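Descriptive analysis of the structure
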Amino acid sequence: MKTYLSVLLLFLMVVPHAFSQENDASRQSGASSYITFSPLSSLDIYAPRLRVGYIRRVTPHLKMGVDMGYGNKEIAFLSNHLGDSYRLWEVRPEFHYVLNPKARTLKYISAELFYIDQVNIFSNGEYQAENGEDFRYDRARYQRQKYGMHLKFGLFLNLGQKVGLNFYGGIGFRWRKSEYLDTENLESTDVFREWYSSMYDGEGRDFGPNPSLGVKFYYRL
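For the structure given in this document, a descriptive report is provided here.

**Details of a nonpolar patch on the surface**
Judged by side-chain polarity, Ile35, Tyr54, Leu159, Val163, Tyr219 and Leu221 come together as a nonpolar surface patch covering roughly 560 Å² of accessible area. Tracing the backbone through its elements, the reader meets Tyr54 in strand β2 (residues 50–57).

Structure, rendered in structure tokens:
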């Protein structure tokens, strides 16, 4: 939560400055394509991954891009919630509409689709089944699938001739399915849970709103 608040504060500080920047020397900005890198995704305590992307210019107003993400325990810098084994991959195609291709700082609206597939192996744990019953196991495979879409507003802020920051924020929806499979020595039990629970505490299906807020580094081609 602190990470997202920091990104939001920086975003609000940058936007007023960015909207005022436009000159003739930067009229080719709208013709650029980008390679992107998302550093904050590696700090997620439940689903850390590295994300890289490519955004290609189609017309002065239209750009198309895709982000690819991959995670395992070797790149989990902050998390100790990943169990014995962890693997995640994701794909995020996105369509950008640039509001003013001649602006020094490009502002855009976009539609992003996403799909995430995650697998963890846990030992000596408990979980709540979709029917509300609690279970204990010696070993189990946790699998999560999540997909949906976002509508976002963002900007490309130049920090130099070739590099900069891509700030974005928006809202959308997601559908999520979590389940425990291949359980060993499964038995019914009673589990006391505090008011806060992690994403690994239960299995089931869920549909709901999904916010999007972040920042990427980019290199302009």
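There's more to say after this.
**Things to note about the packing of aromatic side chains**
Applying the stated criterion to the full structure yields 17 aromatic pairs. Aromatic side chains Tyr147 and Trp175 sit 5.3 Å apart centroid to centroid with 35 degrees between the ring planes, which places their arrangement in the tilted category. Taken together, the residues Tyr147 in strand β6 (residues 134–158) and Trp175 in strand β7 (residues 163–184) connect sequence positions 28 residues apart. Overall, Tyr147 belongs to the partly exposed group, its relative accessible area being 39%. Judged by its relative accessible area of 26%, Trp175 is partly exposed. Judged by centre distance (5.5 Å) and plane angle (75 degrees), the ring pair of Phe156 and Tyr218 falls under edge-to-face. Residue Phe156 is found in strand β6, and its partner Tyr218 is found in strand β9 (residues 204–220); the two are separated by 62 residues along the sequence. With respect to burial, Phe156 and Tyr218 carry one shared label: buried. Members of the aromatic cluster, connected to one another through ring pairs, are Tyr46, Phe122, Tyr127, Phe135, Tyr137, Tyr142, Tyr180 and Tyr200. Stacked on the ring of Tyr168, the Lys or Arg Lys152 has its end atom at 4.1 Å from the ring centre.

Here is what the cut-offs are and how they apply
Residues numbered from 1 in each chain as written. Predicted model: local features only at pLDDT ≥ 70, side-chain atom pairs only at ≥ 80, totals over all residues. Heavy atoms only, no water. Patch = residues over 30% accessible without salt bridge, like charges linked within 9 Å, V, L, I, M, F, W, Y side chains within 5 Å. Areas by Shrake-Rupley, 256 points an atom, 1.4 Å probe, with all protein chains shown as cover. Salt bridge = Lys/Arg side-chain N within 4 Å of Asp/Glu carboxyl O. Helix = DSSP H or I, 4+ residues; strand = E, 2+ residues; numbered from the N terminus. Phe/Tyr/Trp six-rings, centres within 6.5 Å; stacked < 30°, edge-to-face > 60°. Buried < 20%, exposed > 50% of the residue type's maximum accessible area, 1.4 Å probe, protein only. Lys NZ or Arg CZ within 6 Å of the ring centre and 35° of its normal.

Fair warning: the whole summary comes from geometry, so function is off the table for now.
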